[in-house]
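So you can see what is in the structure, the chains are spelled out below.
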Amino acid sequence: MIPFFELHQKQLIVTVIVLLVWIVLKLLFQKIIVKFGKMTHVDQARTRLVVKYTNMLLASISLLAIFLIWGVDASNILAVISAISAVIGVAFFAQWSILSNITAGIILFFNAPFRIGNIIRIHDKDFPIEAEIVDIKGFHTFLKTKEGELILFPNSLMLQKGVSLVESKEEKLTEFMD
C-alpha cells in the first residue's frame, strides 16, 4: 500500500505553492489598495470594503486552481459554478439593486468624486436633496440635511443622478482656519 503523501506528492507541493501565492497576492493587493486609499484620501471603511471584495475574488481563483490541481473534472466544476450562478442569478434578479449598489460602491471608491464631510446637491426633479455626506458604505451613502434628517441614499443612484459638490471638506477647513 502506497502512503497518501507519496502518491500525491506533486499535488501537495503545487497546492502549497498556490496557497503561498494566494497569501502573497492577498497581502500585496491589500497594501496597494490601502496605499491608493490613503493617496486619494478615501475613507478607511470604503478601503476595507474593496479589500474584502478583492480577497473574495483571489480566494475563489485559488480554490478553483486547487480543484484543478487535484484532478476535479473541469466540466464538474463548470456544472457547480453554473448551478450556483443560476441560484444567485435568480436571487439577484429579484434584488438586482444589491448588485448595482455593490458595483456603484466600488466605482465610487476608485473614482472618489465625493468624500465624507462634503456637502452635495442631488438633482432630482421629484426629490432634490442638499445634504452632507456622513458615511459611504458598500450599498448606501448616508446623508444628513441641514434640518438634521438622515437619508440613506443608494450608491447606484449616486451614479445615476446629477450630483453637484456644494462644499468640500477642504473648503470647510479653509473657512475654519480664516
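Computed from a prediction, not measured in an experiment: that's the story for all the values here. (Residues numbered from 1 in each chain as written. Predicted model: local features only at pLDDT ≥ 70, side-chain atom pairs only at ≥ 80, totals over all residues. Heavy atoms only, no water.)

Focus on the overall build of the protein chain
Helices and strands together make up the secondary structure of the protein chain, namely 7 helices and 5 strands. Starting at the N terminus, the α and β elements of the protein chain follow one another as α-α-α-α-α-β-β-β-β-α-β-α. Taking all 178 residues of the protein chain together, 28% fall into the buried category. Here the analysis covers contacts within the protein chain between residues at least 6 apart in sequence; of these, 53% occur between residues at least 24 apart. Working note: accessible area of the protein chain is about 12200 Å², and carbon and sulfur atoms make up 69% of it. (Helix = DSSP H or I, 4+ residues; strand = E, 2+ residues; numbered from the N terminus. Buried < 20%, exposed > 50% of the residue type's maximum accessible area, 1.4 Å probe, protein only. Contact = heavy atoms within 4.5 Å. Areas by Shrake-Rupley, 256 points an atom, 1.4 Å probe, with all protein chains shown as cover.)

Looking at the nonpolar core
In terms of nonpolar packing, the biggest core is built from 13 residues, with Ile120, Ile122, Ile129, Ile133, Leu143, Phe153 and Met158 touching the most fellow members. Elements with a contribution of two residues or more to this core: β1 (119-123), β2 (129-136) and β4 (150-154). Per element, the largest residue contribution to this core is 4 residues, and it comes from β2. When near neighbours in sequence (up to four residues on either side) are disregarded, methionine 158 contacts Leu108, Phe114, Ile120, Ile122, Thr141, Phe153 and Val163. Counting residues in hydrophobic clusters, the runner-up holds 5 residues, among them Ile33, Val42, Val50 and Phe109. (Core = buried A, V, L, I, M, F, W, Y, C linked by side-chain atoms within 4.5 Å.)

Things to note about helix α2 (residues 9-39)
Look at α2: 45 Å from first C-alpha to last across 31 residues, which is about the 45 Å you get at 1.5 Å a residue. Within the span of α2, buried status applies to Thr15, Val18, Ile33 and Gly37. Of the residues flanking the end of α2, it is histidine 41, one or two places downstream, whose phi is positive at about 60°. (Expected span 1.5 Å × (residues − 1).)

What to know about helix α3 (residues 44-69)
Along an α-helix, residues three or four apart share an orientation, since each turn contains 3.6 residues. With 26 residues, α3 ought to run about 38 Å at 1.5 Å a step, and its terminal C-alpha atoms sit 37 Å apart, in line with that. Immediately beyond the C-terminal end of α3, within one or two residues, lies glycine 71, with a positive phi of roughly 85°.

Details of the environment of valine 166
On the secondary structure map, valine 166 appears in strand β5 (residues 162-167). Along the backbone, valine 166 and isoleucine 120 are 46 residues apart, and their C-alpha atoms lie at a distance of 5.1 Å.

Remarks on the sheet that holds β4
The strand order across the open sheet built from 5 strands is β4-β3-β2-β1-β5, with neighbouring strands paired in antiparallel fashion. Whereas interior strands pair on both sides, the edge strands pair on one side only; in this sheet they are β4 and β5. Each neighbouring strand pair of the sheet contributes to a mean axis angle of 40°, computed without reference to strand direction. Inspection of the sheet shows β2 paired to strand β3 (residues 140-145) by 5 bridges, in the antiparallel sense. Bridge assignment links aspartate 135 to a residue of β3, and that residue is phenylalanine 142. (Pairing = 2+ DSSP bridges. Axes fitted to C-alpha atoms, helices over the stretch in contact; angles between N-to-C directions.)

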